[in-house]
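Given next are the chains, with one letter for each unit.
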Amino acid sequence: MTATQIIWLAVAAVFVFGVLPFLIMGAVLWSKLLVRTSKKKWGRECSIPDDEEYRRMFDIGIEWDGRYAAYKKPVEIKSGRFRLKGEYFDFGAKRAVIIIAGRMESLLYSYFFAEPYRAAGYNVLVIDNRAHGESDGVISSLGYREYKDILRWGALLHDTLKNESVFLHGICIGCSTALFVLTNPKCPDWFSGMAAEGMYRTFGVSLERHFDERGKKMFPLGYVTMLYIWIFGGANVMTDGPYKRIGNMRKPLLMLHSREDPYSLPEFAQQLYDACPSEQKRIVWFPTSGHSRIRINYTEQYDEAIRSFLGEMDA
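This is a predicted model, so every value here is computed, not measured.

Engineer: I'd love a proper account of the pattern of salt bridges, names of residues and values included.
Structural biologist: Opposite charge on two side chains permits them to pair, given that their charged atoms come into close proximity. Within the structure shown, the criterion is met by 18 salt bridges. We note a salt bridge from Lys-72 to Glu-87, for which the minimum N-O separation is 3.8 Å. Here Lys-72, found in strand E1 (residues 72–79), pairs with Glu-87, found in strand E2 (residues 82–89); they are 15 residues apart in sequence, far enough to count as distant. Linking Arg-130 and Asp-149 is a salt bridge whose minimum nitrogen-to-oxygen distance equals 2.8 Å. Here the residue Arg-130 occupies a position in the loop between strand E4 (123–127) and helix H5 (146–160), and Asp-149 occupies one in helix H5, the gap between them amounting to 19 residues. Note on accessibility: Arg-130 and Asp-149 belong to one class, buried. Through salt bridges that share partners, Arg-44, Asp-128 and Glu-134 make up one connected network.

Engineer: So what's going on with the packing of H5 against helix H6 (residues 173–182)? Which residues, and what values?
Structural biologist: Contact pair H5 / H6: the axes reach a minimum separation of 8 Å and the direction vectors enclose 65 degrees. In terms of axis orientation, H5 runs roughly perpendicular to H6. Our pair here, H5 against H6, has a crossing hand that is right-handed. Taking contact as the criterion, the partners of Glu-146, Tyr-147, Ile-150 and Leu-151 in H5 are, on H6, Thr-177, Phe-180 and Val-181.

Engineer: Break down empty space enclosed by the protein for me, citing the residues and quoting the values.
Structural biologist: Using the criterion set out here, one finds one cavity of 30 Å³ or more in the structure. If you add up the space inside the largest cavity, you get close to 80 Å³. As for the largest cavity, its lining consists of Ala-101, Gly-102, Arg-103, Asn-129, Arg-130, His-132, Ser-140, Leu-142, Gly-143, Glu-146, Ile-173 and Thr-177. In the lining of the largest cavity, the residues fall into three nonpolar, six polar and three charged.

Engineer: So what about the layout of surface pockets? Which residues, and what values?
Structural biologist: If you add up the space inside the largest pocket, you get close to 810 Å³. Forming the boundary of the largest pocket are 26 residues, of which Leu-33, Arg-103, Met-104, His-210 and Arg-214 lie nearest the centre. Contributing elements (two or more residues each) for the lining of the largest pocket: helix H1 (3–34) and helix H7 (203–213). No other element matches H7, which puts five residues into the lining of the largest pocket. Partitioning the lining of the largest pocket into residue classes produces 15 nonpolar, five polar and six charged.

What counts and how
- All residue numbers here refer to positions counted from 1 along the written sequence of the relevant chain.
- With the structure being a predicted model, the display of local features is reserved for residues of pLDDT at least 70 and the display and counting of side-chain atom pairs for 80 or more, all residues being used for whole-chain, interface and lining totals.
- To get the side-chain values, all heavy atoms of the structure are used, and hydrogens and water are removed first.
- For salt bridges, the criterion is a side-chain nitrogen of Lys or Arg within 4 Å of an Asp or Glu carboxyl oxygen.
- Helix and strand definitions follow DSSP, with helices as H or I runs of at least four residues and strands as E runs of at least two, each counted in order from the N terminus.
- Burial classes: relative accessible area under 20% of the type maximum marks a residue as buried, over 50% as exposed, and values in between as partly exposed (1.4 Å probe, protein chains only).
- Only the stretch in contact is used when a helix axis is fitted, and all axes are lines through C-alpha atoms; the angle between N-to-C directions ranges over 0 to 180 degrees.
- Roughly parallel covers angles under 35 degrees, roughly antiparallel covers those over 145, roughly perpendicular covers 65 to 115, and oblique covers all other angles.
- Helix crossings are classified by the rotation of the near helix relative to the far one: an anticlockwise turn of less than a right angle makes the crossing left-handed, while a clockwise turn makes it right-handed.
- Contact definition: two residues touch when any of their heavy atoms are within 4.5 Å.
- Buried and open spaces are told apart on a 1 Å grid over the protein atoms alone, a cavity being a set of points where a 1.4 Å probe fits but cannot get out and a pocket being an open set with protein on both sides within 12 Å along at least five of seven lines. Residues with an atom within 4 Å of a point are the lining residues.
- Grid points are joined across faces, edges and corners, and a volume is the space filled by probe spheres set on the points.
- Here the nonpolar group is Ala, Val, Leu, Ile, Met, Phe, Trp, Tyr, Cys and Pro; Asp, Glu, Lys and Arg are the charged ones; every other residue, Gly included, is treated as polar.

Written as structure tokens, this is what we have:
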């Protein structure tokens, strides 16, 4: 065997035994996190039914829907090649909110966050993000492509349903999606601002926190997974995300954040707030609660923070 053959054999061995397994595991993890492999996955049901607190959030939302079902009608848009589904609660107002849920959640989950907006005089649109609920799509792109869907939903609310302004309420990844809308140069003026619960610095940092929680290291599996996200989701989630975009955010911003958020760390939330140049911004801290679970523990304070902020926008 020649020296060249030995070198190529060694390279092949390194690839087969050192690289290929991580490529395969990264593909599996990416698929688990961000690919809808069946209609049952990320459907219209409680995503964590065995979690008592999460189940309670879902059930309260379903009760809210039942209470205001007479105001509801199904709506639909076409965004690119995707047909997307939603529900519109017309309370006779002249403005509306779009509630943008995070990964795994359908519009049924979003009912839980609707009441403070109804009470503040807003119509409410809840949506199945692409690849969720009854909407088309297979891949969740963490807002990097979904923001175009929100622009289309906003056009439906403004142009067809005659709302004068559209506010956005994001939860987790929904915060990132909303921020991408409002910092886009093509964002219409009638998008009025956003509220963000649990906004993270970048998805890469959030993913690293999940690895830490399980006592695992990000390298190399986490980085391989982010490579798949880059290829199929359209962005480098280690370098691009809310922290990169927040410097262009000049519309009103309300940040709702738990000091115990294990994934969107409080110090990073403060950095995002400090970097935002908006002249109308506020961060409201809650002492406890897990990620995306503030309202279930501090309902009155959460709702009042939203109503107060919306009132200041109108002043």
